[in-house]
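Descriptive analysis of the structure
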There are 4 protein chains.
Amino acid sequence: MIKIGVIGAGRIGKMHTENICYNVPKANVVSVADPLMTDDIVKWANSLGISQCYKDYKDIIKDKEIGAVLICSSTNTHASISIEAIQASKHVFCEKPVDLSIDKIMEVINALQGKDLKYQVGFNRRFDHNFKAVRNSIKNGKIGDPHIMKITSRDPSPPPIEYVKVSGGLFLDMSIHDFDMARYLVNSDVEEVYAQADILIDEEIGNVGDVDTALISMKMENGTLAVIDNSRKAVYGYDQRVEVFGSNGMITSGNDTPSTVVLSNTQGIIKEKPLYFFLERYMDSFKEEINEFVNAIIEDRPVSVSIYDGLNSVVIGMAAQKSLKERHPVKISELKW
Amino acid sequence: MIKIGVIGAGRIGKMHTENICYNVPKANVVSVADPLMTDDIVKWANSLGISQCYKDYKDIIKDKEIGAVLICSSTNTHASISIEAIQASKHVFCEKPVDLSIDKIMEVINALQGKDLKYQVGFNRRFDHNFKAVRNSIKNGKIGDPHIMKITSRDPSPPPIEYVKVSGGLFLDMSIHDFDMARYLVNSDVEEVYAQADILIDEEIGNVGDVDTALISMKMENGTLAVIDNSRKAVYGYDQRVEVFGSNGMITSGNDTPSTVVLSNTQGIIKEKPLYFFLERYMDSFKEEINEFVNAIIEDRPVSVSIYDGLNSVVIGMAAQKSLKERHPVKISELKW
Amino acid sequence: MIKIGVIGAGRIGKMHTENICYNVPKANVVSVADPLMTDDIVKWANSLGISQCYKDYKDIIKDKEIGAVLICSSTNTHASISIEAIQASKHVFCEKPVDLSIDKIMEVINALQGKDLKYQVGFNRRFDHNFKAVRNSIKNGKIGDPHIMKITSRDPSPPPIEYVKVSGGLFLDMSIHDFDMARYLVNSDVEEVYAQADILIDEEIGNVGDVDTALISMKMENGTLAVIDNSRKAVYGYDQRVEVFGSNGMITSGNDTPSTVVLSNTQGIIKEKPLYFFLERYMDSFKEEINEFVNAIIEDRPVSVSIYDGLNSVVIGMAAQKSLKERHPVKISELKW
Amino acid sequence: MIKIGVIGAGRIGKMHTENICYNVPKANVVSVADPLMTDDIVKWANSLGISQCYKDYKDIIKDKEIGAVLICSSTNTHASISIEAIQASKHVFCEKPVDLSIDKIMEVINALQGKDLKYQVGFNRRFDHNFKAVRNSIKNGKIGDPHIMKITSRDPSPPPIEYVKVSGGLFLDMSIHDFDMARYLVNSDVEEVYAQADILIDEEIGNVGDVDTALISMKMENGTLAVIDNSRKAVYGYDQRVEVFGSNGMITSGNDTPSTVVLSNTQGIIKEKPLYFFLERYMDSFKEEINEFVNAIIEDRPVSVSIYDGLNSVVIGMAAQKSLKERHPVKISELKW
């Protein structure tokens, strides 16, 4: 049994905590820290059998009983808390992105050197039943050599403008999942990125310096030509699909829906819309990623999403930002790191 | 080249005539007969290069140049005109049903004895791309031994009440196609029929002694358990599907649609409705059945839909009527013939 | 919080117990009884925090702390244990069928008279996301008046012959779920049943007096014409679909699959087979039915599946058996009860 | 009635000729020219009732009876024959591309100045039922403002290497249809092109200086971000799909298949592959484009695909070539014309 401390009790922190309590038999959450430790959070923690509720995450770091921490605090604290936890010899599960600066991520990587610790980054989509099946099909040679990859990733509606301001921008907030997905599906790094993007949905997003619609072309190191398209607003729901075409065939995955029901009437033949919200859509993948993290610790095997995966996605996002600004394709190797 | 006379210039007669002119290279329509030979029909015929337009079909029967006739007149004339045509040594393509009386169909069969003539019945659906593919899959062993067969056959809207009155009733007017389809798909005759039916759509249909909705269970001679469901009114269009389940798998066919377009919006994921009208839906099958008839004559090989197929469907329809009236299953062998 | 005793620790009993432990916050399983209480069962129970493990279910019945029991023992004990539990003033969740005899079910109904107890029967499929969505669409008038209903229910492979022997036969073991589904979907009782069935898969099943393939036509009291088709062996997996056609449209539900992945290659365009096993397919519905049972107790509202629902399905099954034996349609009212 | 001369009796020339004979009531093909006028071609022409078979297309140009010509000869002759036909006051239907040089297309445009003649370019896909339905949905506001457009266009197998050599390259031979489709679907011109491409299928194609796989990103003048992906070899058949995503929804079209048949077996749930060959897939669109051309002449209204459409596609193709060579995005306005 691993004892876990959860740092940050916002939406994601709570979800991970509940998943561990209900679905991860080999781990216990023993303490939760949040700078705004409210009565509600305490009540929620107690109902799950968690008695230690701290304002200061350092109380978790210095607890010798705790073997692993989940870092679900705000992005700007990820790197420094990671380093403290590593120095206290704790395994770390860190929400994405590790940081928005390559240098800071490198510091975390350096801190890990020589330590026998697991460090997993929260790219939960790698654990989704659809994407895993696509990845496995490709790995098993079902489509031969991959030639063309298309990733569709569209949110049902834009986040609050306050969130957009501090999000790091579309590429590092939203596309970052798709950058990781591209690397995961064809098991190859990215060589070059060309990004097109615009403000087509909400001018407010433009006013705070971000974009809301993007089309990102990439060349993978294994030769696959890839394209990601992102939108902050798909009125029909959360649209998450992939298509990988290769020398021996094509594999695609579609959206999950609340049911398989089809209504035929004078309007047409009508299927259900995709599951609307990412927490519904990826519920099972969130459970599985935490289970995997715990199992990696217990069985002492590599985590499924390493800090290098976390680093790569950020670097690709920066290349996309550079490409969009300078209006030409950008090689990943151009970015110092 | 075969010279053809068309008897009956209603909707179906005209369609066959045009199909022969445009799509059957080895046959010519040389004359058309209709008791109501109007100026419009003459004009239509002339535009197709057909100069001989008669009121009396006997002018076609006695024309020695004519090798084959298409009988598209009213049902009550099918049998007698068939016999006259056979006696004049002409090949016959006869619209379904051959007749509503078993005795009269037997007279046509008797007239054919000893004659080296082709007689094809107009069960066009045997030539439909979907149903042919289902039949061929079964024939090629793709599903093993057939166990369960489900045929859905629903019209988009009821015919005029005047038509219903003289139609012979739902079973002999509409289900008759499905009886033939059942025999065709699993290549077996029907052993027993149990019919449920009701007036659920339009009381007027009940007032003239017919039903508008039916569910017909059948046992095929090869052991397949079959069910046909019919409705006179599917608001989403002409619904024509089959499902055959067997020891090694299942084969289904769906509806054809105007396009493959799918619209995703706040209402749902919306596909196009089926092609609405039987002339659109089965356009290609009508072309192919006439081509097949002409080729059977030219190459002197059996027709694809024989008069025995025509007889069987009528007998099954009568068994269904008897079952509905007497409220118990009826064996085909109970019907004298 | 409700304290629950589970009677019968076979596959289903274990599943319900685990679901309560992990997914039903308002109930606790405090004891488990099984005549073969092995070390393995004790170990399993202890791992879930259940310390009271009995050989004799009466130890549960007489435990005053226990508010509700789950009866997951063999069918022939359902009725008598139900009555004992009712007499001890415990709420009851009983697996289907309540009994294979109408008289015994009536005894349970009588025992419930004047008691303020909940009694729920284990027709879990009513809680399935697909079937619920179909039912709700019909209830909300989406298809108008239902005219035709088709229920497909096929197992991936026959159960062991030893199980078949004691199962009560296909109609009471397998179709019973579909009888309940028919009543549930269109919210109407059955008026008449006509059953066709045969041994098409495995002669051994015939040797023990059962059938393996069936087609059951029914007339519902609200006029809907219905058909159920059953097979003990669908090689492509567990096939569970419904189609309800009405005056304003049609609603269907399809199978759930492990993923939405589609592979296109030289063989065709290939989707995943349905989830193979009923425990996978109906996992969520099992969780929800137990939650509903607990909530019905806590909030003192009617259960979703009453003992009358349990009774009805058995009566329909008997009507189907009679119809198959006597080769004619059987009215439900013919069965005394 | 319009009398038509067909110049070039290769595969496409023959197809157009047959379509006019069988499906275009208001036009007659009266003569055919081909430099290799073989006995087979003469025989074929005669069987269609065409008696004038020439080696020299000038015999058609100088025939005063002929009102329109179809130019189906080799690409390098399109422009000069077009000009001769225009000077002889004949309407022109010209296969794509008009020419591989912008200057030569401009000469044709200049020749058309002041003439009251129709000039239609053979972008048949605009007449396809699927793409027309997508275009109409967008035009009718069904998806709001278009934001993202994805066009998939993959051949079932590469053409002979001899053809590749003279084809003008993937962009001008194959993608050219997709450039036109992009402009057609969202009714907007292209502003900028960025092309990625590689030799992933057959080195021979690289040896003759061409590519076989491409991903082309575009920015449309109306702001739509677009991507085209091309492959010379999709093992599952001819893959022709589009997806357009907008502010109010998404519209997609899929592939046409030989039938709607689905086989379920131990391998999976298997649908038919797309129609394999472009002549099957686009058969109806070829008929309709010629009908439209004839109707545009008769009713004196604009053609559906003008020479400016022909010009635009070639210019976009050149921009793609430039982008691929120079490794940066290319604005259409950079190309002189």
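As shown above, the structure is provided for reference.
1. Let's talk about the sheet that holds strand 3 (residues 52-54) of chain C
All names here are of chain C.
- Taken in spatial order, the six strands line up as 3-2-1-4-5-6 in an open sheet, and their pairing is parallel. Unpaired on one side and paired on the other, strand 3 and strand 6 (119-121) mark the two borders of the sheet. Within this sheet the neighbouring strands show an average axis-to-axis angle of 20°, counted without direction.
- When strand 4 (residues 68-71) meets strand 5 (residues 91-94), the two strands line up parallel, connected through four bridges. Bridge assignment links Val 69 to a residue of strand 5, and that residue is Val 92.
- Lying over the sheet, helix 1 (residues 11-23) contacts strand 1 (2-7), strand 2 (27-33), strand 4 and strand 5, oriented at roughly 150° with respect to strand 2.

2. Considering the sheet that holds strand 2 (residues 27-33) of chain B
All names here are of chain B.
- Strand order in the open sheet formed by six strands is 3-2-1-4-5-6, and the pairing between neighbours is parallel. Every interior strand has two partners, whereas the edge strands, strand 3 (52-54) and strand 6 (119-121), have only one. Ignoring which end each strand starts from, the neighbouring axes of this sheet average 20° apart.
- For strand 5 (residues 91-94) and strand 6, the ladder comprises three bridges, and the chain directions are parallel. By the bridge assignment for strand 6, Phe 93 is matched with Gln 120.
- On the sheet, helix 1 (residues 11-23) packs against strand 1 (2-7), strand 2, strand 4 (68-71) and strand 5 and is oriented at approximately 150° with respect to strand 2.

3. Describing the pairing of strand 4 (residues 68-71) of chain A
All names here are of chain A.
- Where burial is concerned, the two faces of strand 4 agree: the one with Ala 68 and Leu 70 and the one with Val 69 and Ile 71 are both buried.
- Sheet analysis places strand 1 (residues 2-7) next to strand 4, joined by four bridges and oriented parallel. When the bridges of strand 4 are listed, Ile 4 appears paired with Ala 68.
- Note on the crossover from strand 4 through helix 4 (residues 75-87) to strand 5 (residues 91-94): the handedness is right-handed.

4. Thoughts on the interface of chain B and chain C
- Taken together, the contact between chain B and chain C spans 40 residues of the former and 40 residues of the latter.
- Taken together, the links from chain B to chain C amount to ten salt bridges.
- Measuring nitrogen to oxygen at the nearest pair gives 3.0 Å for the salt bridge that ties Arg 241 of chain C to Glu 243 of chain B.
- Where chain B meets chain C, there are 17 residue pairs in polar contact (both at pLDDT 80 or more).

5. Digging into the pattern of salt bridges
- In this structure the tally under the stated criterion is 116 salt bridges over all chains.
- Asp 300 of chain A serves as the salt-bridge partner of Lys 118 of chain A, at 2.8 Å between the closest nitrogen and oxygen. In this pair, Lys 118 of chain A is assigned in the loop between helix 5 (102-112) and strand 6 (119-121) and Asp 300 of chain A in the loop between helix 11 (283-298) and helix 12 (307-326), connecting sequence segments 182 residues apart.
- Accessibility expressed as a relative area gives 11% for Lys 118 of chain A, which makes it buried.
- A salt bridge links Glu 243 of chain C to Arg 154 of chain B, with the nearest nitrogen and oxygen atoms 2.7 Å apart. In this pair, Glu 243 of chain C sits in strand 11 (residues 239-246) while Arg 154 of chain B sits in strand 7 (residues 146-154), so the two residues belong to two different chains.
- On the basis of relative accessibility, which here comes to 0%, the residue Arg 154 of chain B falls in the buried class.

Rules used throughout
Residues numbered from 1 in each chain as written. Chains lettered and ligands numbered in written order. Predicted model: local features only at pLDDT ≥ 70, side-chain atom pairs only at ≥ 80, totals over all residues. Heavy atoms only, no water. Pairing = 2+ DSSP bridges. Helix = DSSP H or I, 4+ residues; strand = E, 2+ residues; numbered from the N terminus. Axes fitted to C-alpha atoms, helices over the stretch in contact; angles between N-to-C directions. Contact = heavy atoms within 4.5 Å. Buried < 20%, exposed > 50% of the residue type's maximum accessible area, 1.4 Å probe, protein only. Right-handed = clockwise from strand over helix to strand, strands pointing away. Salt bridge = Lys/Arg side-chain N within 4 Å of Asp/Glu carboxyl O. Polar contact = N/O pair within 3.5 Å; in protein donor to acceptor, adjacent residues only side chain to side chain.

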